[in-house]
Amino acid sequence: MATLRLLIVEDDPADVELVVRELKKSEFDPQYRRVDTREAFEAGLIEDRPDVIIYDHNMPHFSSAEALKVTQQNGLGIPFIIVSHAIGDEDAVALMRAGAADYLLKDRMGRLGESVRHALEQRRLREEHAAARESIVTLNADLELRIAARTAELKVANYALETELAQRKRAEEALRRSEERFRLLVDGVQDYAIFMLDPDGKI
């Protein structure tokens, strides 16, 4: 049997026994805390980290809508299943839109085990999706860092190449000017001989 940590918000112990019995029929091993106040509910969320919350819609001082909001504000993503002797269609639809995993009438609890399995599977899929998104964000950040490092390397290489090209152009320009001066010198000499010496002084 699969162990199932439950936070059951219920003021009728008999209804708690009904929940436990139905879950045992579905091959679960329920480990539960029953609470009936907001303070106890908030403590149970943090201390027990339940797998599933089962909430009596008709609790007198702490509505299921408020409890659902508290659960979501804690960012725990715990499946929230509402049970009730009676619940209006508008209330049920509003709670489902707000994030409740399911709602069941207490005289039709036979599908509680199926509802819990479905809610747990949906939570697993959400967590896998969130992990995949986080992995993508991490990979993208790493890729951006590598691109930035490679871009910096290319900038350095381009600067070195530009410097080398500029030096070559200056050398070529100096050679051209030297050759031009030499040509003008030679062309301007008509009645004289021209001697050239190498670096060792040889003619």
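Just above sits the structure.
Here's a quick rundown of the structure.

Rules used in this analysis
Residues numbered from 1 in each chain as written. Predicted model: local features only at pLDDT ≥ 70, side-chain atom pairs only at ≥ 80, totals over all residues. Heavy atoms only, no water. Helix = DSSP H or I, 4+ residues; strand = E, 2+ residues; numbered from the N terminus. Rg over C-alpha atoms; globule rule 2.2 N^0.38 Å. Contact = heavy atoms within 4.5 Å. Areas by Shrake-Rupley, 256 points an atom, 1.4 Å probe, with all protein chains shown as cover. Lys, Arg positive; Asp, Glu negative; His and termini not counted. Charge placed at Lys NZ, Arg CZ, Asp CG, Glu CD. Patch = residues over 30% accessible without salt bridge, like charges linked within 9 Å, V, L, I, M, F, W, Y side chains within 5 Å. Salt bridge = Lys/Arg side-chain N within 4 Å of Asp/Glu carboxyl O. Buried < 20%, exposed > 50% of the residue type's maximum accessible area, 1.4 Å probe, protein only. Polar contact = N/O pair within 3.5 Å; in protein donor to acceptor, adjacent residues only side chain to side chain. 1 Å grid on protein atoms, 1.4 Å probe; cavity = no way out; pocket = protein on both sides within 12 Å on 5 of 7 lines; lining within 4 Å. Points joined across faces, edges and corners; volume = space filled by probe spheres on them. Nonpolar A, V, L, I, M, F, W, Y, C, P; charged D, E, K, R; others polar.

This part covers the overall build of the protein chain. Regarding its fold elements, the protein chain presents five helices and five strands. Start at the N end of the protein chain and walk to the C end: the helices and strands fall as β-α-β-α-β-α-β-α-β-α. Here the C-alpha radius of gyration of the protein chain, 41 Å, is well above what a compact globule of 203 residues would show, namely 17 Å. Taken along the three principal axes of its C-alpha coordinates, the protein chain extends 130 × 35 × 30 Å. Taking all contacts inside the protein chain whose residues are at least 6 apart in sequence as the whole, residues at least 24 apart take part in 66%. Of the roughly 14,000 Å² that the protein chain leaves accessible, carbon and sulfur atoms contribute 53%. Taken together, the 29 basic and 39 acidic charged side chains of the protein chain have centroids lying 4 Å from each other.

All right, on to a nonpolar patch on the surface then. On the surface, Phe-182, Leu-185 and Val-186 cluster together into a nonpolar patch covering about 260 Å² of accessible area. Secondary-structure assignment places Val-186 in helix 5 (residues 112–188). Looking at Val-186, the relative accessible area reads 33%, which means it is partly exposed.

Further remarks concern the pattern of salt bridges. All told, the structure shown has 18 salt bridges when counted by the stated rule. Note that Glu-121 and Arg-124 form a salt bridge whose closest N and O atoms lie 2.5 Å from each other. Separated by three residues within a single helix, Glu-121 and Arg-124 lie in helix 5, roughly one turn from each other. One salt bridge in this structure joins Glu-173 and Arg-176, with 2.5 Å as the shortest N-O distance. Within this pair, Glu-173 and its partner Arg-176 are both found in helix 5, separated by three residues, close to a single helical turn. Here the salt bridges share partners, and the residues they tie into one network are Glu-10, Asp-15, Asp-56 and Lys-106.

Okay, the side chain of Lys-106 next. Position of Lys-106 among the secondary structure elements: in the loop between strand 5 (102–105) and helix 5. A polar atom in the side chain of Lys-106 sits 2.8 Å from the side chain of Glu-10. Apart from the residues within four sequence positions on either side, Lys-106 is in contact with Glu-10, Asp-15, Leu-18, Asp-56, Val-83, Ser-84 and His-85.

Within this model, the largest pocket holds a volume of roughly 190 Å³. If you go around the largest pocket, you meet 14 residues; those closest to its centre are Ile-78, Pro-79, Phe-80, Gly-99 and Arg-126. Of all the elements in the fold, those that place two or more residues in the lining of the largest pocket are helix 3 (64–73) and helix 5. Of all the elements, helix 5 adds the most residues to the lining of the largest pocket, at four residues. When its residues are assigned to classes, the lining of the largest pocket shows seven nonpolar, six polar and one charged.

So far we have only geometry, and geometry alone does not tell us how the molecule works.
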